Amino acid sequence: MKEQILLVDDSKSERTSIKNALGELFDDFIEAEDGLSAIKAFIDKKPGFIITDVEMPSMSGYRFLETVRQMEDGHDVPVILLSATKDSLKGKLTGFNLGASDFLIKPFNKEELVARVKSLLRIRALMTELKQKNILLEKLAITDDLTGLNNRRYFFEAVREQLALGVRHNFDVACMLLDIDYFKAVNDTHGHLAGDAVLKTLGTLLTTAKREGEILARFGGEEFIICLFNTDPDSSIKAAERFRSIIEEYDFSSEQFPKLDRITVSIGISVCSQQVASSKDNPVTIDELLKTADTALYRSKSGGRNRITLLEHTV
Ligand SMILES: [Mg+2]
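Residues numbered from 1 in each chain as written. Predicted model: local features only at pLDDT ≥ 70, side-chain atom pairs only at ≥ 80, totals over all residues. Heavy atoms only, no water.

1. Notes on the coordination of the magnesium ion
Bound to the magnesium ion on the protein side are Asp 10 (OD), Asp 53 (OD) and Glu 55 (O), at distances that span 2.1 to 2.3 Å. As a motif over one chain, the donors of the magnesium ion read D-x42-D-x1-E. Taken as a pair, Asp 10 in the loop between β1 (4-8) and α1 (12-22) and Glu 55 in the loop between β3 (50-53) and α3 (61-70) lie far apart in primary sequence, 45 residues in all. Overall, Asp 10 belongs to the partly exposed group, its relative accessible area being 38%. (Donors = N, O, S within 2.8 Å, 3.2 Å for Na, K, Ca; no water. Helix = DSSP H or I, 4+ residues; strand = E, 2+ residues; numbered from the N terminus. Buried < 20%, exposed > 50% of the residue type's maximum accessible area, 1.4 Å probe, protein only.)

What follows is the structure in structure tokens.
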């Protein structure tokens, strides 16, 4: 990526001497001669580095810096202030209080400018690395590492958010617990690696069958969970049938595990009318929905497995 720097100074010769000093560190020099055109250049080009003069007509370097720091893309961009002020301590304090990354007094020493720019570039690179690691960690924190599906932590957060919306909009919500039938036998007969392969494939199948707006997660062990919004008992049964049938029809055998065959799942659904729930001033919680779904799942299991049971959750 091209490294861009924005140089702001009302003196063209000053801009040229900065450019000459930093020629090896940047590929693209964007120039502006006052604060206002610098703001426009920053918005248009999003440069990754800024050096700005303080004393400029119409808008000073301080005002420009202040504006940049208030912009979403401007929080972290390194900004070096250059000033020809006589009262350098006061100028520096003002600059740093406004968020300057560094401050140099004119006339500056070229080697010092280069050294300070390099130091800020190093810090910026470390910050970028840290941000990327944080994004990865956030993703890992909500992902089930075996199946790649969302985990229950994500599920609870996402559903709570949706339920809060549901109370306002009065839509119905359904919670579906899905459990693999005789999973222990799969592990006992074919080994735990085969069990893991089944879980992974099941995760892929569920993702394939899932529709937009449905929240799917691995709940733990051989249990998966799906939440549906804006639904009713009939549509919830149809949705559950979509998941149940894709699994029943799939051939789980593979080169690694040729003896694996068919797998089935039992499903328990709880459906709750938010209108009823909120009219009683008692919005339904995800824990209550899960409890009812668990009872429904138990009925599917005791009723012979590979089937769907729906219970209407009452408040
Ligand atoms: Mg000036």
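2. Side note on the pattern of salt bridges
Per the stated rule, a full pass over the model turns up 20 salt bridges. When the shortest N-O distance is used, the salt bridge between Asp 144 and Arg 218 registers 3.2 Å. Of the two residues, Asp 144 sits in the loop between α5 (110-141) and α6 (152-169) while Arg 218 sits in strand β7 (residues 215-220), which places them 74 residues apart along the sequence. The buried category is assigned to Asp 144, whose relative accessible area is 12%. Linked through salt bridges whose partners overlap, the residues forming this network are Asp 9, Glu 14, Asp 53 and Lys 106. (Salt bridge = Lys/Arg side-chain N within 4 Å of Asp/Glu carboxyl O.)

3. With respect to the nonpolar core
Across soluble globular proteins, nonpolar side chains have a tendency to be buried as a group. Residues Met 176, Leu 178, Ile 180, Leu 202 and Ile 247 are the most contacted members of the largest nonpolar core, which totals 30 residues. Secondary-structure elements contributing two or more residues to this core are β6 (173-180), α7 (183-190), α8 (192-209), β8 (223-229), α9 (233-248) and β9 (265-272). Per element, the largest residue contribution to this core is seven residues, and it comes from α8. Apart from the residues lying within four places of it in its own chain, the contact partners of Ile 180 are Val 198, Leu 199, Leu 202, Glu 222, Phe 224, Ile 263, Thr 264, Val 265 and Lys 301. (Core = buried A, V, L, I, M, F, W, Y, C linked by side-chain atoms within 4.5 Å. Contact = heavy atoms within 4.5 Å.)

4. Notes on the packing of α7 against α8
Running from N to C, α7 and α8 point in directions that differ by 135°, and their axes come no closer than 6 Å. Put simply, α7 runs oblique to α8. The residues of α8 that touch α7, namely those facing Phe 183, Val 186, Asn 187 and His 190, are His 192, Ala 194, Gly 195, Val 198 and Leu 199. Taken together, the residues of the contact of α7 with α8 sort by class into five nonpolar, four polar and no charged. (Axes fitted to C-alpha atoms, helices over the stretch in contact; angles between N-to-C directions. Parallel < 35°, antiparallel > 145°, perpendicular 65-115°, else oblique. Nonpolar A, V, L, I, M, F, W, Y, C, P; charged D, E, K, R; others polar.)

5. Re the packing of aromatic side chains
Aromatic ring pairs are defined here through the distance separating the ring centres and the angle between the ring planes. Under the counting rule described, the total for this entry stands at six aromatic pairs. A ring pair is formed by Phe 26 and Phe 49, whose centres lie 5.5 Å apart and whose planes are at 65°; its orientation type is edge-to-face. Linking Phe 26 in the loop between α1 and β2 (28-32) with Phe 49 in the loop between α2 (35-45) and β3, this pair joins segments that are 23 residues apart in sequence. A single burial state applies to Phe 26 and to Phe 49, both of which are buried. One cation-aromatic arrangement involves Arg 152 over Phe 219; the distance from NZ or CZ to the ring centre is 4.2 Å. When the ring centre of Tyr 182 is taken as origin, the NZ or CZ atom of Arg 305, which lies over that ring, is 4.4 Å away. (Phe/Tyr/Trp six-rings, centres within 6.5 Å; stacked < 30°, edge-to-face > 60°. Lys NZ or Arg CZ within 6 Å of the ring centre and 35° of its normal.)

6. Focus on the sheet that holds β7
If you trace the five strands from one edge of the open sheet to the other, you get β7-β8-β6-β9-β10, paired in mixed fashion. The open sheet has two edge strands, β7 and β10 (308-312), and neither has a second partner. For this sheet, the mean angle separating the axes of adjacent strands, direction not counted, is 20°. As paired elements, β6 and β9 share eight bridges and run antiparallel to each other. Counted as the bridge partner of Leu 178 is Ile 267 from β9. Its contacts with the sheet put α8 on β6, β7, β8 and β9, and the angle it makes with β6 is roughly 150°. Across the sheet, helix α11 (residues 286-302) touches β6, β7, β8, β9 and β10, and the angle it forms with β9 is around 140°. (Pairing = 2+ DSSP bridges.)

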